[in-house]
Structures are given as structure tokens and as C-alpha cells.
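Residue-level structural notes
Each chain, written out:
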Amino acid sequence: MGIQKDIVKFNVGGRIFQTTATTLANAGRDSFFGALFDDNWDLKQQQQQQEFFIDRNPDCFAVLLDLLRTGDLNIPSHVPERLLYKEAMFYGLIDHVRSAKWGPFDGNRLKLSRSVTGRAPGDGTAIRAGPDGGCCVAHGSMVHVFDWMLEEHPPINLDYQRVNDIGWVNADHVLITACERLGRGDGGMGLFSASNGDLRYKFNVVHDNQVKSYTAGALSFSPDYKIFASCKGRSNEYGIGVWDQVTGKQMDFFYESPGWSLGDADKLQWLNGSNCLLVATLFPRKDNCYISLLDFREKRMVWSWSDIGAPFTVDEKRVRDAIAMEECNSVCVVNEYEDLGFIDLRISGGSVRWSSRSRLMKGGKMPDEPCYPKLALHNGQLFSSMNDSISVFCGPDWVLTSRLRRTYGGSICDFSIGGDRLFALHSEENVFDIWETPPPPVL
């Protein structure tokens, strides 16, 4: 392989650049520069001693060429970041730019990258991180979609139908659940284009061979391309629906049993290890909390917990959120004081083991508009939002290791992790923060 000795010359927008084939090989086979090489990564014979003219921005080319040389991204003040990203997409170097801008996700090393102000008034409903570093924000009947450059795409307007949940099917499509409007026969769930907001198709609920109008709520996805959603219909369509992500056809429906709550679920979570679905209906949506594991293969509830009949003390208020932790055989719950609790998944109906070591509210001032805490689990780290901050817990005993907080924006009403970023949505004017892990130093 003789690429180390090969010199390549470019004329980019009238400026001359010289580099080596070794540097260009760092761009990868699928990049703009990959076509210069043969299958053995040698510079093609006809490409040698040739000057290549590229009618693109030379300032951006200089930045990207230095990135290939050093692995470090240094953007001069006179180069607009958005322009650099677009040029990187042309050369097939967008993944290189992203890797240089922020590193692999680590909750203990997160730094606030920037904040984005919402485009419409009103409290936010939800924020969801996309697989490529973008996000979508729901409030009322609107969903705003942002790509990884935080450039907003055309919004999705559901015509006054309240959005309940949103989820990314892939980098190009988002799934939205919405409330049914009386007398309109609409509501339910639809797949939309993330780039232009167009409706691709709606997901129907069929009961007694008839298509029913329904309200869809919490969402979850499984690796085998199934979509799960909590559903409430006008007759007996209360439960969890299952659809094929590819065809959009309904595959199954787990009906709600008397005395339990599934159709009003606040959270769904697919568990890969047990091939079961966690369904959590929490206070204050219901007067009591219901958490269960559903096995759709056997069509039965294999584990359940509820606080019906449980005494409540000052320190142990209602469960506000829950998340399954399969490696620990437990469900983690949180109350309004951010006390973490753990329920054994091996025992149905067991008690909550509360851990007051996590409490962060001692001596703190409650905000004017407190938000209920939310939980997330990512790469073995546990995250819990409380008012205007997010706490990170690590280790077998879930010790508090760091805390994310900024000085304005109000309480955090939702947060989401994905694409190696953490997005936190604040209650004031739908401001959301983007937290990233700094890239490792280039040696």
C-alpha cells in the first residue's frame, strides 16, 4: 500500500490545497474522497499528478481538511457553523464532524452546549431525542422537529388535537399519539415525515372487526419493529395496542382487566431481556399507581405492583415515574422529593425500598411551578429530573455522582437522551437545553 507517498492537489473555489492520500483515506470509503482510491486503498493511477477542481467553499474545505489531518475540529469565527455542516454533508464527513464536536455519551461529563427557545407559547408536553442527535418537541397540538444541527423543520400541526406522546421510528420519521375529539372520530396515532411534516399513514384500532376511534397515549418500540401504545376507546378498547412498524397493521391488543389500568398509562418500556412490556399508570393521572409487566406471547400479566391500600407518610409520597432495570431485577421509582425507590421484579406486589440518600431538596427552595420528576436509564447510568436540575446516579448502590443545572428556564418538565445528547425541556416558553459530552483530547 503506497498511499503514504502520494500527494494530492485540490483547487477549491480558486484556492490551492495540497495533502496526502493518507490524510484523505481518513475520510473513509463512503466519502467524497473515497472515489480517489482503488479497492486496496491505493490512489488510482489516473488520479496521480492531477489537480482536482471543486466548486465549493474553500474556507470550509480548509477546516475539514485539518479535521482529517488531526482529528480536531477548529472552526474560525468567520466560518458559519451551519455552512460548515452543509459542506461536510457534501463531502460525506458529517459523522467525522459530529464525533469531533461531542464524544460518546457520559452523564458525569456532560456540558451545556446551547439552549433553544421555543417557537410558540404554552407549556411543553414532551421532548424526544432523535437517533442522529436531533430532537422533537411537543406542546398542545404542535410538534416542532429539529435536526442534529438544531435547524427547525416545518412543524407538525394536528389541528387542535392534543399531542400525548412522540417517538422516533428512525431518523426520517416520527410517531405521534393524540387525543380523540368528541364528534370528530379522529385522534389515535400517525406516522409523519420528520423533514416536511407530511402524514404518511394512520394506525387503526380494530375491535369486533370494526375500526374504532380512540385516544393513543404512551409509546414504546421493540427491536423486532413492533409499536406499542396505550389506547382508550369509547367502548371496550382500553388497553395496549400493538402494530407492525413496517406495514402499520394492528397485530395484537392487550385488553385492560377490571380493577387495573392500562389504557391510561403514563409510560411504556420494552424489556429486551424478558420480552415483556412495562406499563406504568401513575399519580396524578389516577388516584393510585399501577405498574405491570405484560407478556404478549402468553397474553398475560406476569408481574404487577400497585399502591392500593398502602399507607403514605410525609416522606413517601406517590410514585411519579418508574423505569425497569433488568440487570438489577428491579423497577426504580421516584417520588416528588426525588427519593429513589426500588421494587423487586422477582416478587409481585412487593413493597418499595426507598433510598433517602438521593434526596437533593433539603434546604432548597421549591420553584413557583414545580414539575413532576422523570427517570431515564442510559448506558448503566440513572437520570432523575427534579424541578430545574437533572441528577445522575451510578454504581451498584446508585450513588449521586453529578448534577446538571442551569440558572434560568424554569422547571424541567421532560428530558430525553439519544444521539449522544441529553435534551431538557423547561416549562417556561418551551426553552430546551442541549447537553453534550466533550470529545476526548487529540494526542
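Residues numbered from 1 in each chain as written. Predicted model: local features only at pLDDT ≥ 70, side-chain atom pairs only at ≥ 80, totals over all residues. Heavy atoms only, no water.

Moving on, we come to the pairing of strand β15 (residues 214–222). Burial analysis of β15 places eight of its nine residues in the buried class, which makes it a mostly covered element. From the end of β15 to the start of strand β16 (residues 226–233), which pair antiparallel, there are three residues, and Tyr 225 there has a positive phi angle of about 65 degrees. (Buried < 20%, exposed > 50% of the residue type's maximum accessible area, 1.4 Å probe, protein only. Helix = DSSP H or I, 4+ residues; strand = E, 2+ residues; numbered from the N terminus. Pairing = 2+ DSSP bridges.)

Let's shift gears to the sheet that holds strand β30 (residues 399–405). Taken in spatial order, the four strands of this open sheet run β27-β28-β29-β30, and their pairing is antiparallel. The open sheet has two free edges, formed respectively by β27 (375–378) and β30, since each of these has just one partner strand. Across this sheet, the average inter-strand angle for adjacent strands is 25 degrees, counted without regard to direction. Of the pairings in the sheet, the one linking strand β29 (residues 389–394) to β30 comprises six bridges and is antiparallel in character. By the bridge assignment, Cys 394 is partnered in β30 with Val 399. (Axes fitted to C-alpha atoms, helices over the stretch in contact; angles between N-to-C directions.)

Moving on, we come to the pattern of salt bridges. Evaluated as defined, the whole model comprises 23 salt bridges. A salt bridge links Glu 151 to Arg 82; the nearest nitrogen and oxygen atoms lie 3.4 Å apart. Taken together, the residues Glu 151 in the loop between β7 (142–146) and β8 (156–157) and Arg 82 in helix α3 (residues 81–91) connect sequence positions 69 residues apart. Glu 151 sits in the partly exposed class, given a relative accessible area of 27%. (Salt bridge = Lys/Arg side-chain N within 4 Å of Asp/Glu carboxyl O.)

Of all hydrophobic cores here, the largest spans 35 residues; its most connected members are Phe 10, Phe 33 and Phe 61. Within the residue set of this core, elements represented by two or more residues are β1 (7–12), α1 (21–25), β3 (51–54), α2 (58–70), α3 and α4 (94–101). Per-element accounting of this core gives the leading share, eight residues, to α2. Those residues in contact with Phe 61, other than ones at most four positions away along the chain, are Phe 10, Val 12, Phe 17, Phe 33, Ile 54 and Tyr 91. Core analysis: the next-biggest nonpolar cluster, separate from the first, contains 19 residues, Ile 291, Trp 305, Ala 322 and Val 352 among them. (Core = buried A, V, L, I, M, F, W, Y, C linked by side-chain atoms within 4.5 Å. Contact = heavy atoms within 4.5 Å.)

The next subject is unusual backbone geometry. Look at Asn 209: it is not a glycine, yet its phi comes out positive at around 65 degrees. Looking at where Asn 209 falls in the secondary structure, it is placed in the loop between β13 (205–207) and β14 (210–212). Judged by its relative accessible area of 79%, Asn 209 falls in the exposed class. Positive phi, normally seen in glycine, also occurs at Asn 329, with a value near 55 degrees. Examined against the element boundaries, Asn 329 turns out to sit in the loop between β23 (321–325) and β24 (330–334). Given a relative accessible area of 34%, Asn 329 falls into the partly exposed group.

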